[in-house]
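Residues per chain, in single letters:
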Amino acid sequence: MGLWAAGRLWGPPGLLLTLALHLALCLRSAQTSVRPPRDYCVLGAGPAGLQMAYFLQRAGRDYTVFERAPRPGSFFTRYPRHRQLISINKRHTGKANAEFNLRHDWNSLLSHDPRLLFRHYSRAYFPDAGDMVRYLGDFAQRLGLHVLYNTTITHVTLHKARQAWNGHYFILTDQTGHTHQCSVLLVATGLSVPNQVDFPGSEYVEGYESVSVDPEDFEGQNVLILGRGNSAFETAENILGVTNFIHMLSRSRVRLSWATHYVGDLRAINNGLLDTYQLKSLDGLLESDLTDLAIVKDREGKFHVTLKFFLEEGDQSADADVVTLPQDDNDNFAMRVAYDRVIRCLGWNFDFSIFNKSLRLSSGGEFSKKYPLIKASYESKGSRGLFVLGTASHSVDYRKSAGGFIHGFRYTVRAVHRLLEHRHHGVAWPSTELPTSQLTSAIVRRVNEASGLYQMFSVLADVVLLKDNATAFEYLEEFPVRMLAQLETITGRKARHGLFVINMEYGRNFSGPDKDVFFYDRSVGHTEDAWQSNFLHPVIYYYRHLPTEQEVRFRPAGWALPRPTAIHHIVEDFLTDWTAPVGHILPLRRFLENCLDTDLRSFYAESCFLFALTHQKLPPFCQQGYLRAQGLVGTESLRRHGVESGLLRDYAAADRHHEDRSRGPLDGSRAPGPPVRPPDSNKEEL
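This structure is a prediction, so every number in the text was calculated from the model and none was measured.

It is worth spelling out the packing of helix 3 (residues 47-58) against helix 11 (residues 406-425) at this point. The contact between helix 3 and helix 11 brings their axes to 9 Å, and the two run at 40 degrees. Along this stretch, helix 3 crosses helix 11, giving a crossing that reads as right-handed. Taking contact as the criterion, the partners of Pro47, Ala48, Gln51, Met52, Phe55 and Leu56 in helix 3 are, on helix 11, Ile406, Phe409, Arg410, Val413, Arg414, Val416 and His417. The residue inventory of the contact of helix 3 with helix 11, partitioned by class, reads nine nonpolar, two polar and two charged.

Following this line, the structure appears as structure tokens:
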């Protein structure tokens, strides 16, 4: 084809070059819109998302956090509406132990930086939400976490790929149309959709998320609040002093956190309405199913509560002047007054809208409208490699423990990270291996210090894996107890010679909305009654073999774990200080000795020498110390202590007595002891 033909085909000079450049740019745009797969994608830069980012970064993993707002913690920029958090910021405990202090610090995330403790951000016992926003911003910035701000993920789906870790990639599409691929998806978006109940007249209701927070807007008004959680009482507390009265309506009775021992129930800081109700100061609480009610508006703009079936019998669009009201039949109807405002405070649900149905995050059931469907390992039941973190993962321990709150999910996030480290990187669950002679002290230390055990009681537990012949053990911290049957697969550790599980529990009949937790004889003080302890206390389970999946699933009602070979309760303690030698440590040691059929006491070298002469099996302390020339270092203070306690004879006094009487050398009645080790030798504690 000649030049003339080419000109006819392509038109004016330069058009061919223009088309070529346009095609190249389109191809480049298509290539850049689909980015290389990341190992981990984290949705949300709230507390849970940032906590996971910290662990991924410390492990040197490839990850990115996607956050729709321009900074972390966007939820706390708006909520709670009245700005006071109900998470405790206890700045002083009288102790310097950092792990213990986290038991009473409900706002800090876990990190290696002591500057990133929340007590440096607020002096208030119940801090302002703005302080949390500032704290989360510093946490992300100081640790250099990889967060893409102003990036809204609008759709999440799956793409099957053999080379992917889980057989598929998660495809995330953002607001610009760009897609992001990742092998593991970690969802930390919280609960953000207001829970609404559809009933006639619900259009007249104001939501917690938008109602005015200025008390002057409620001056001299009659207010009806729908709901009975902390948001409802928080709203009531804000306007309690300016309204005519406040009525609170919910389908269930009020649940007080001090009775249920669940921090998500009504906290004392917000319960002023209970005082004014019980002291007959016009305010009050009522119980009814909201779906049975209806709200109608009269000509003066006031609202009346009626029953739904009254509307079904007549014109549903009619106003209150012509609609039948309950007081027409019963002039003692409790809610016969008119209301100026009706406020909805019914909590929050998970936002499922961005997730493709192929991910199977929801079953459509009532409970799964609030929370995604996940296993006890926090992994989705429908999609391998998708994990739910933070508040949205609270279905695992809803109304049981603290997994829906920072002081709880900072530990469940760490557990998920440890699971991922072993699954995808071959890093076994962290453990400490020690000789059996140190088993008692290891357990005592953890039950007195560990924050994860304390806050995530009956959900996360420590596991002690015994070695062959029970000469040593591995100590694993904060393992999800409902995954116990899969411990070897999840952790990479072996449980072939028996195991102990250390759990924290309340008494089985002590918690509940109808319980009187202040009854006179509520505490147990004697060790023989430890199994009847009511308040939070350590419980040690012993299993000869790892429980099966069926045993975990069909465990006794109310039990956190399957029925064990043996069980031991450490008696509750008013100070939560389980260090009493007779009341706490001695019964624990004897329980462990019975399970292991051995003696876990520590001995002086002289006693180990006598054991070696008279017993075929020596206590572990003597095996691991005396026979390896690693016994107690002989010092004058130690010898004097042994004499004063009656554990040793006072040979020095005997020597002086013999010298005074000018006697000869010792008659040989004293058994020779081992040579004293030099001061730099290994030491064993009594």
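Further notes follow.
Next up on the list: the side chain of Arg341. Positionally, Arg341 belongs in strand 14 (residues 341-344). Here the side chain of Arg341 touches Glu206 through a polar contact of 2.6 Å, side chain to side chain. Excluding anything up to four places from it in sequence, Arg341 contacts Glu206, Val211, Ser212, Asp217, Phe218, Gln221, Asn222, Val223, Leu224 and Phe303.

Okay, the environment of Ala392 next. Among the secondary structure elements, Ala392 is positioned in the loop between strand 16 (386-388) and helix 11. In sequence terms Ala392 and Ala188 are 204 residues apart; their C-alpha atoms lie 7.0 Å from each other. Beyond its immediate sequence surroundings of up to four residues, Ala392 is in contact with Gly190, Leu191, Phe350, Tyr371 and Pro372.

The next thing to look at is the sheet that holds strand 18 (residues 460-466). Read across the open sheet, the six strands follow the order 17-19-18-20-21-22; overall the sheet is antiparallel. Each of the sheet's edge strands pairs with one partner strand only, and the pair in question is strand 17 (431-435) and strand 22 (566-569). Geometrically, the sheet is characterised by an average inter-axis angle of 20 degrees between neighbouring strands, direction not taken into account. Sitting on the sheet, helix 12 (residues 439-449) is in contact with strand 17, strand 18, strand 19 (472-480), strand 20 (499-505) and strand 21 (537-543), with an inclination near 20 degrees to strand 19. Against the sheet, helix 16 (residues 581-596) touches strand 18, strand 20, strand 21 and strand 22, its axis set at about 175 degrees to strand 22.

One broad trend across soluble globular proteins is that nonpolar side chains are buried collectively. With 146 residues, the main nonpolar core has Leu43, Leu172, Leu185, Leu186, Phe355 and Phe500 as its most contacted residues. No other element matches the eight residues that helix 11 contributes to this core. Formed by 15 residues, the second largest nonpolar core is a distinct cluster that contains Leu226, Phe245, Leu293 and Val342.

What counts as what
Residues numbered from 1 in each chain as written. Predicted model: local features only at pLDDT ≥ 70, side-chain atom pairs only at ≥ 80, totals over all residues. Heavy atoms only, no water. Axes fitted to C-alpha atoms, helices over the stretch in contact; angles between N-to-C directions. Helix = DSSP H or I, 4+ residues; strand = E, 2+ residues; numbered from the N terminus. Left-handed = near helix turned anticlockwise from the far one by under 90°. Contact = heavy atoms within 4.5 Å. Nonpolar A, V, L, I, M, F, W, Y, C, P; charged D, E, K, R; others polar. Polar contact = N/O pair within 3.5 Å; in protein donor to acceptor, adjacent residues only side chain to side chain. Pairing = 2+ DSSP bridges. Core = buried A, V, L, I, M, F, W, Y, C linked by side-chain atoms within 4.5 Å. Buried < 20%, exposed > 50% of the residue type's maximum accessible area, 1.4 Å probe, protein only.

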